[in-house]
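Structure assessment
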Amino acid sequence: MKGRMIRRGVFILSLFLFLCSLPGCSLLDGQKNDEDMEITQQDRTEYHNDLKKIKETATPSQIKVRTISLYTVDEKGENLVPIQVKLNTLRVTPEILLDDIVNNLNVEIDVSSYTIENNTMFIIFGDNGVPVEGCSAEFESLVLDCFANSILDNLDYVNGVGFRTKSGNYSSDNYEFAEDEVYSSR
């Protein structure tokens, strides 16, 4: 009977200690509660400053070089060629893609701007209206494919690509697209 009382006492004491530990230690020792865990502007600033210090002190072997896949036209102007381009930023943006596409084509192209409507990116060409004037339909198609394929491969949130000019719809000697016509999609 005495052993039974001791076991019962040990059980009740263990149960009491267990129940006391349930609320957690956060209420003890003056630790912060959930309200104090909000991220402040100062926290963000400190994070960005720390990130900047890491980038400044990192050696080239510690920095992972990121590349993206783009398309260009071969020297003969007959085929699309995939190429790897070094990305000097943490994020791929439409501006970076468009600049890299234009810089890797062997023709002068004036991309004025772009707009994204309903997950479709419309590339707006400059004053001359088309990417390349006085070229064959095959070459123009390859240039347009470079833009469309590069964008669809690198921007997850874009499901289609279309082309426009500053004045509205895309019109060249070879092709004519309505202002909202999708040239290529996933």
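Residues numbered from 1 in each chain as written. Predicted model: local features only at pLDDT ≥ 70, side-chain atom pairs only at ≥ 80, totals over all residues. Heavy atoms only, no water.

Re unusual backbone geometry
In plain terms, the rule: Here a strand is any run of E in DSSP of at least two residues, a helix any run of H or I of at least four, and the numbering for each starts at the N terminus.
In this structure, Asn118 is a non-glycine residue whose phi angle is positive, near 50°. Here Asn118 is to be found in the loop between β3 (111-117) and β4 (120-125). The phi dihedral of Asn119 falls on the positive side, at around 65°, and the residue is not glycine. Inspection of the secondary structure assignment puts Asn119 in the loop between β3 and β4.

Structural notes on the side chain of Glu140
Worth spelling out the cut-off: We call two N or O atoms a polar contact when they sit within 3.5 Å, provided that within protein one can donate a hydrogen and the other can accept it, with sequence-adjacent residues counted only if both atoms are side-chain atoms. Contacts: residue pairs with any heavy atoms within 4.5 Å of one another.
Topologically, Glu140 is positioned in helix α4 (residues 137-154). Within the structure, the side chain of Glu140 is placed 2.7 Å from the side chain of Asn174, a separation counted as a polar contact. Here Glu140 is in contact with Cys135, Tyr170, Ser172, Asn174 and Tyr175, once residues within four sequence places are set aside.

Brief notes about helix α3 (residues 94-103)
Selection rule: Residue exposure (1.4 Å probe, protein chains only): buried if accessible area is under 20% of the type maximum, exposed if over 50%, otherwise partly exposed.
Along α3, the residues classified as buried are Pro94, Leu97, Leu98, Asp100, Ile101 and Val102. Lining the buried residues of α3 we find β1 (66-73), β2 (80-87), β3, β4 and α4.

Side note on the pattern of salt bridges
Operational definition: Salt-bridge detection follows one rule: a side-chain nitrogen of Lys or Arg within 4 Å of a carboxyl oxygen of Asp or Glu.
Summed over all chains, the structure comprises two salt bridges. A salt bridge links Glu117 to Arg164; the nearest nitrogen and oxygen atoms lie 3.2 Å apart. In this pair, Glu117 sits in strand β3 while Arg164 sits in strand β5 (residues 160-165), placing the two residues 47 residues apart along the sequence. Two residues, Asp180 and Arg164, come together in a salt bridge whose shortest N-O distance is 2.6 Å. Of the two residues, Asp180 sits in the loop between β7 (176-177) and β8 (184-185) while Arg164 sits in strand β5, which places them 16 residues apart along the sequence. Overall, the relative accessible area of 55% leaves Asp180 in the exposed class. Look at Arg164 and you get buried, because its relative accessible area is 7%. Members of the salt-bridge network, linked through shared partners, are Glu117, Arg164 and Asp180.

A few points about the pairing of β5
Test applied: Any two strands between which DSSP finds at least two bridges are classified as paired.
Of all six residues in β5, six are buried, a share of seventy percent or more. Here β5 shows two buried faces, one formed by Gly160, Gly162 and Arg164 and the other by Val161, Phe163 and Thr165. Relative to β5, β4 runs parallel, the two sharing six bridges. The residue bridging Phe122 from the neighbouring strand is Gly162, located in β5.

Focus: the confidence of the model for the protein chain
We apply this condition: For every residue, the predictor assigns a confidence score, pLDDT, that lies between 0 and 100.
Summarising the model, the protein chain shows a mean pLDDT of 80, and 76% of its residues fall at 70 or more. Low pLDDT, under 50, characterises residues 26-30; the predicted model gives this stretch one contact beyond four residues in sequence or across chains.

Brief notes about the packing of aromatic side chains
To be explicit about the condition: Only Phe, Tyr and Trp rings are paired, with Trp represented by its six-membered ring, and only when their centres lie within 6.5 Å; those with planes under 30 degrees apart are stacked, over 60 edge-to-face, the remainder tilted.
Taken as a whole, this structure holds eight aromatic pairs when the rule is applied. Taking the centre distance of 5.8 Å and the plane angle of 85° together, the rings of Phe125 and Phe147 count as edge-to-face. Of this pair, Phe125 sits in strand β4 while Phe147 sits in helix α4, and the two are 22 residues apart along the sequence. Of the two residues, Phe125 and Phe147, both sit in the buried class. Members of the aromatic cluster, joined through ring pairs, are Phe125, Phe147, Phe163, Tyr170, Tyr175, Phe177 and Tyr183.

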